[in-house]
Amino acid sequence: MNDDKKDMREELEDRLADQALREKFSSKKPPDLSAKIADRHAATMAAPTSVAVPLAVRKPWRTTARYMAAASLLLAVGGIGFALGRSTNSAEVANLTRVQGIHRDEEIIEPVIEDAYFSEDVSEVGANSNNGVNMGQAMAPVLTEAKAFHAPSSPAAPVTPTGVTRHPSPFPGTHAPHSPGPHPGISGKPYAGTKVTPRIIIQESEDAALEREKIKEPHLKQANEGQRDEQLRAKEDATRHMEAIRRLLAETRKLKKNNEDRDDLKPSDHPGEKHPTDKLSDLDDQRLAYTALQEERNRIKQELREKGKELSELLAKGEKSEKLIKDLEEVQVELLDLPVQLPPLGQGEGPEHRGANFDHITENEFLRVKENALSTFSIDVDTAAYSIMRRYLKNENGSSQLPPAGAVRIEEYLNYFSYDYAGPKNDDPFSANVEVAACPWNAAHRLVRVGLKGKDIAIDKRPSSNLVFLLDVSGSMDQEQKLPWVKESMRLLLDRLGENDRVAIVVYAGAAGLVLPSTTADKKTDILAALDKLHAGGSTNGAQGIELAYQTAVEHFIKGGTNRVILCTDGDFNVGTTSNDALHRLIQDKAKSGVFLSVLGFGMDNLQDKTLETLADKGNGNYGYIDSLAESNKIFGQQLTGTLITIAKDVKIQIEFNPAQVAAYRLIGFENRVLAAQDFNDDKKDAGEIGAGHTVTALYEVTPIGVEAPAVAPAIDKLRYQVPSKLTDDAAAGELMTLKLRYKQPDGDKSKLLEFPVKDEGKKFGQASEDFRFASAVAAFGMLLRRSEYSGNATFAAVAEIAEAAKGKDAHGYRAEFLDLVKLTQKVWGNGGR
Amino acid sequence: MTRSEVTTVPQSQGLGDFTLLVSAHQAGIWRYLRFLGADETEADDLTQETFLAVLRQPFEDRGPPATSSYLRTVARNLFLMAVRKSGRDPALRGPALADLDLAEEVWAKRASDGGNAYLDALGDCLQALAGRAREAVEMQYRDERSRGEIALALEMTEDGIKTLLRRTRETLRRCVERKLET
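Rules used throughout
- Residues numbered from 1 in each chain as written.
- Chains lettered and ligands numbered in written order.
- Predicted model: local features only at pLDDT ≥ 70, side-chain atom pairs only at ≥ 80, totals over all residues.
- Helix = DSSP H or I, 4+ residues; strand = E, 2+ residues; numbered from the N terminus.
- Buried ≥ 20, exposed ≤ 12 C-beta atoms within 10 Å, placed from the backbone.
- Contact = placed C-beta atoms within 7 Å.
- Axes fitted to C-alpha atoms, helices over the stretch in contact; angles between N-to-C directions.
- Parallel < 35°, antiparallel > 145°, perpendicular 65-115°, else oblique.
- Left-handed = near helix turned anticlockwise from the far one by under 90°.
- Expected span 1.5 Å × (residues − 1).
- Arc of directions from axis to C-beta.
- Pairing = 2+ DSSP bridges.
- Nonpolar A, V, L, I, M, F, W, Y, C, P; charged D, E, K, R; others polar.
- Core = buried A, V, L, I, M, F, W, Y, C linked by C-beta atoms within 7 Å.
- Domains from an automatic or database assignment.
- pLDDT = per-residue confidence, 0-100.

Comments concerning the overall build of chain B
Part 1 of the argument: Scanning chain B for helices and strands turns up nine helices and zero strands.
Part 2 of the argument: Reading the helices (α) and strands (β) of chain B from amino to carboxyl end gives α-α-α-α-α-α-α-α-α.
Part 3 of the argument: Classification of the 182 residues of chain B by burial places 43% in the buried group.
Part 4 of the argument: The long-range share in chain B, meaning contacts at least 24 apart out of those at least 6 apart in sequence, stands at 65%.

Written as structure tokens, this is what we have:
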């Protein structure tokens, strides 16, 4: 053994000892991942839409062609590969594997790893043997080495003329029953342990032959290229349409049968009324089944529409297929028999929309001031819940739905709008504006509005930006309103960035990668080129992406500038660190680097709302949901400085109510932002951030002394050993409450305290400002959507009336749109609603 | 193509067996990945990936050593790809990536059972460790103190601590090797 090898062995032995000592002494022990693996496997089995399908399936011809090209090249160099396979020892082969794999993993390894079960693409060329050619091993180490283990040894694996090893089938029982038998283009028999589908075989053999021809006789191919490509494409199109329509037909029939079997799911004869099954008890199962049915129907309808369009184009080109047309008609007829429109369901929680996941919200209650004089919470500038509500109501399939109750976060509805609050007049980054007037849904109560206004920073005065886009390019993002919108949103932002700004792009799917190193934003061509190359495919390993994105941001950190990771995803982290706790810890840890986070959610079928909201919360960030390009324009256009520039962090609000004036109070919304009273002065406790020009609005419903609050908890018994504390002299000063604020500078560690005593001047609701009245209408709308027990005598009609009167200038039309949404909700809710 | 058409459940064993497989080998695979240079998060992720990859393929259990070797191969390749894709310098991930064959050889020789016997033997050897060497080891591994802090506490130079720790590990290694051989 040479010295280098000896040293290396010593180093490895030392590393092993070091690792063992760490485990022995510290807590760095292997975690128990059994449950996680079982969950992920179960999720994989249960959620076909999240399968990392596409690369191998969408472009099987391309993958196969690459294999064939590689095999042909191997032949052309005189069977070097074969010789290597014969002569090298295992170590050399392993080295060869690594070397070749490095060049090719982007194109070939990825589909194999991400979709190992799509083995029909690779198994035949990737067959591995101790004796055979190792091209497949070089290309797909995981799969082939896996096979190498469990495949019984084959003493003489023959090699095809293309340099591909054939194996006798060691697992005859593992073929799919529909296996078509030998693959004409590649090898004599299907490889053991794999499944072969007819669809893929047809495409493989035709394309592979074409590709071989291209390599052998390029001049000939060039001459016929256009014609052949066109023929091939037409044939593929016809096959694809035929298959799609047959599948739709089968799905429609299944759906219809399912619908017939479930009488309880049929719509009410009186669409305005609640569905008979809409009871508080055992509603969930019916609701889920109901929603799934509706969604399936919408999806099939949508696909049918698209197929019909493509088919017309195909027929227009002269492609005739009576069978195709007949099948299409049959789907349409079957679809007509399905229920037309399902009525809205009751209050929803949890995974109301298949795949979308919202956290349960327990509404804040009225609290007695005598027992709870302090109310403390963190500010929140997220707006996602509002766009999610809009997405439900303005469903592009034309089937408007009410958002599930868990998706209604009233504080995000309030903060979706800008209010005309006075800005700060001193050095503080924001001002506080408090207004008190009568509560519109309960005349005996008072409504307190706390409004913060962040200082404005003109767009041309904003500091340089170091932005890292962390883009989810997993299979679930492969939808029109996901990745394409992500790209469009980035383009919108790029238009507003300049030479002082830097942009990097990190993508993640099965693994993470830096597709655009940090680049100055004036190099738009480079950035757009990187953006155009992105395509979705694979399962989602968000944790790796997060690591790499923060690392990139830290490497190009701009002191005094904007340093931000912008995560664009549907939130489905199904690979890697997937537990919420682990993700939160990871983000919290990364947030310490001084890099802020923006989270943008896309798509609805799979939206993991809770995950995204919490990530933004833990990562010193904000959470928006892109339901349209207009929303993208709002976030990256009109409110760019607010989105990018954080002017204060860990902003907390604490209100001390005066027991001489207030009997009880209720914070409207902010349920998941409530803090313990002692957290207010604890600078270690994280809270929300406020961006330049942002307005933050919080509403309290207050019952004055002498008015009994509704649904307040019973009073507690007198204490045996203590007497209640007495009122101070200040309690007699006529103040309603004291507003206290704490915040830190964006790069600071110590908080600053601001205090504002507040008096109630006895304003009637009509005397309140337009902003106050509009905000109260928005809050009432949220409460009605949540079916809140505290909504008093609020109705959608009253909401619309108040909002209409308080619309104000409404420069961007958001308030007018709110009015449309209120009216739409009334319609969806039906006459049975309020 | 639907998932039910493409998912391959292990042919020779049910999911119950798979659970046993995970339970028997997950710690070993996690340790192996750490040995190769994966950080804790990566080791968590790739251990899961390894078993999920195995679950997707027909799998025949041929006893613990062969199974362990097979799982290591899958894990190693997953790790290699993750390193390549991350775009970071593999050399920074530790010595194992510089010579994977040698790393595999060392692991197979010392920790082919996933490292359990090694840890047991190390536990025995540690009982015999005393004096400054023990103090240094405890401060380094149990208290996670920096080399500077240990140097201050033991009134030695930082280089001295480095050498002391290395020699102690060497002594422990020899002890473990002896115990494993017997």
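Let's talk about the overall build of chain A
Part 1 of the argument: Of the regular secondary structure elements, chain A holds 24 helices and 16 strands.
Part 2 of the argument: The proportion of buried residues among the 834 residues of chain A is 47%.
Part 3 of the argument: Partitioning the contacts of chain A with sequence separation of at least 6, the portion at a separation of at least 24 is 78%.

Describing the packing of helix H6 (residues 116-127) of chain B against helix H9 (residues 158-181) of chain B
All names here are of chain B.
Part 1 of the argument: Taken N-terminus to C-terminus, the directions of H6 and H9 make an angle of 120°; their axes are 9 Å apart at the nearest point. The orientation of H6 with respect to H9, classified from their angle, is oblique. By crossing handedness, the relation of H6 to H9 is classed as right-handed. Contact residues: H6 offers Ala117, Tyr118, Ala121, Leu122, Asp124 and Cys125, while H9 offers Leu172, Cys175, Val176, Lys179 and Leu180.

Structural notes on the environment of Thr47 of chain B
Part 1 of the argument: Relative to the assigned elements, Thr47 of chain B resides in helix H3 (residues 40-56).
Part 2 of the argument: In sequence terms Thr47 of chain B and Arg72 of chain B are 25 residues apart; their C-alpha atoms lie 9.7 Å from each other.
Part 3 of the argument: With residues near it in sequence (within four places) discarded, Thr47 of chain B still touches Leu33 of chain A together with Gln26, Ile29, Trp30 and Leu33 of chain B.

Some points on helix H5 (residues 100-111) of chain B
All names here are of chain B.
Part 1 of the argument: Between the first and last C-alpha of H5 there are 15 Å, a value that for 12 residues agrees with the 16 Å anticipated at 1.5 Å per step.
Part 2 of the argument: Among all positions in H5, only Ala103, Glu104, Val106, Trp107, Arg110 and Ala111 are buried. Take H5 and look down its axis: the buried residues cluster within an arc of 165°, on one side only.

So, the pairing of strand E12 (residues 662-668) of chain A
Residues and elements named next belong to chain A.
Part 1 of the argument: Where burial is concerned, most of E12 is hidden: six out of the seven residues are buried.
Part 2 of the argument: Relative to E12, strand E1 (residues 367-368) runs antiparallel, the two sharing two bridges. Note that in E12 the partner of Arg368 across the bridge is Ala664.
Part 3 of the argument: Bridging between E12 and strand E14 (residues 695-704) involves six bridges; their strand directions are antiparallel. Bridging across to E14, Arg666 finds its partner in Glu701.

Some points on the environment of Pro65 of chain B
All names here are of chain B.
Part 1 of the argument: The topology assignment puts Pro65 in helix H4 (residues 64-86).
Part 2 of the argument: Residue class for Pro65 comes out exposed when judged on the 11 C-beta atoms lying within 10 Å of it.
Part 3 of the argument: It is 7.1 Å that separates the C-alpha atoms of Pro65 and Asp113, two residues lying 48 residues apart in sequence.

Examining unusual backbone geometry
Excluding glycine, most residues fall at negative phi; most peptide bonds, likewise, are trans.
All names here are of chain A.
Part 1 of the argument: Of note, Phe670 is a non-glycine position whose phi angle comes to about 55°, a positive value.
Part 2 of the argument: Assignment of secondary structure puts Phe670 in the loop between E12 and strand E13 (688-691).
Part 3 of the argument: We note that Asp810 has phi near 50°; this positive angle belongs to a residue other than glycine.
Part 4 of the argument: Among the secondary structure elements, Asp810 is positioned in the loop between helix H23 (796-805) and helix H24 (814-829).
Part 5 of the argument: Overall, Asp810 belongs to the partly exposed group, with 17 C-beta atoms counted inside 10 Å.

As for the packing of helix H7 (residues 131-142) of chain B against helix H8 (residues 147-154) of chain B
All names here are of chain B.
Part 1 of the argument: As a packed pair, H7 and H8 sit with axes 10 Å apart at the nearest point and diverge in direction by 145°. Considering how the two elements wind past one another, H7 and H8 form a crossing that is right-handed. Judged by residue contacts, Arg132, Glu135, Ala136, Met139 and Gln140 of H7 engage Ile150, Ala153 and Leu154 from H8.
Part 2 of the argument: Of the residues in the contact of H7 with H8, the class split is five nonpolar, one polar and two charged.

Overview of the nonpolar core
Generally speaking, nonpolar side chains in soluble globular proteins are found buried as a group.
Part 1 of the argument: Formed by 138 residues in total, the largest nonpolar core has its most connected members in Phe469, Leu470, Val506, Val565 and Val799 of chain A.
Part 2 of the argument: If you tally residues by element for this core, the top one is helix H22 (residues 770-785) of chain A, at 11 residues.
Part 3 of the argument: Shared between two domains, this core holds at least three residues of each, these being domain 4 (367-457 + 648-714 + 739-829) and domain 5 (459-644) of chain A.
Part 4 of the argument: Counting 52 residues, the second-largest nonpolar core is a separate cluster that includes Leu36, Ala38, Leu55 and Met139 of chain B.

Some thoughts on the sheet that holds strand E4 (residues 442-454) of chain A
Residue and element names in this part refer to chain A.
Part 1 of the argument: On the basis of which strands lie adjacent, the open sheet formed by five strands has the order E1-E12-E14-E4-E3 and antiparallel pairing. Of all strands in the sheet, those bounded by a partner on one side alone are E1 and strand E3 (430-439).
Part 2 of the argument: Across the sheet, H22 is in contact with E3, E4, E12 and E14; its angle to E14 comes to roughly 80°.

Here we look at the confidence of the model for chain A
Part 1 of the argument: With 58% of its residues at a pLDDT of 70 or more, chain A has an overall mean of 70.
Part 2 of the argument: Predicted confidence is poor over residues 47-221 of chain A, with pLDDT under 50, and the contacts of this stretch with residues over four places away or in other chains come to 282 contacts.

Topic: the environment of Lys592 of chain A
Residue and element names in this part refer to chain A.
Part 1 of the argument: Locating Lys592 in the fold gives a position in the loop between helix H18 (580-591) and strand E9 (596-602).
Part 2 of the argument: C-beta crowding within 10 Å serves as the criterion here: with 9 such atoms nearby, Lys592 is assigned to the exposed category.
Part 3 of the argument: When the C-alpha atoms of Lys592 and Asn620 are compared, they prove to be 9.1 Å apart, with 28 residues separating the residues in sequence.

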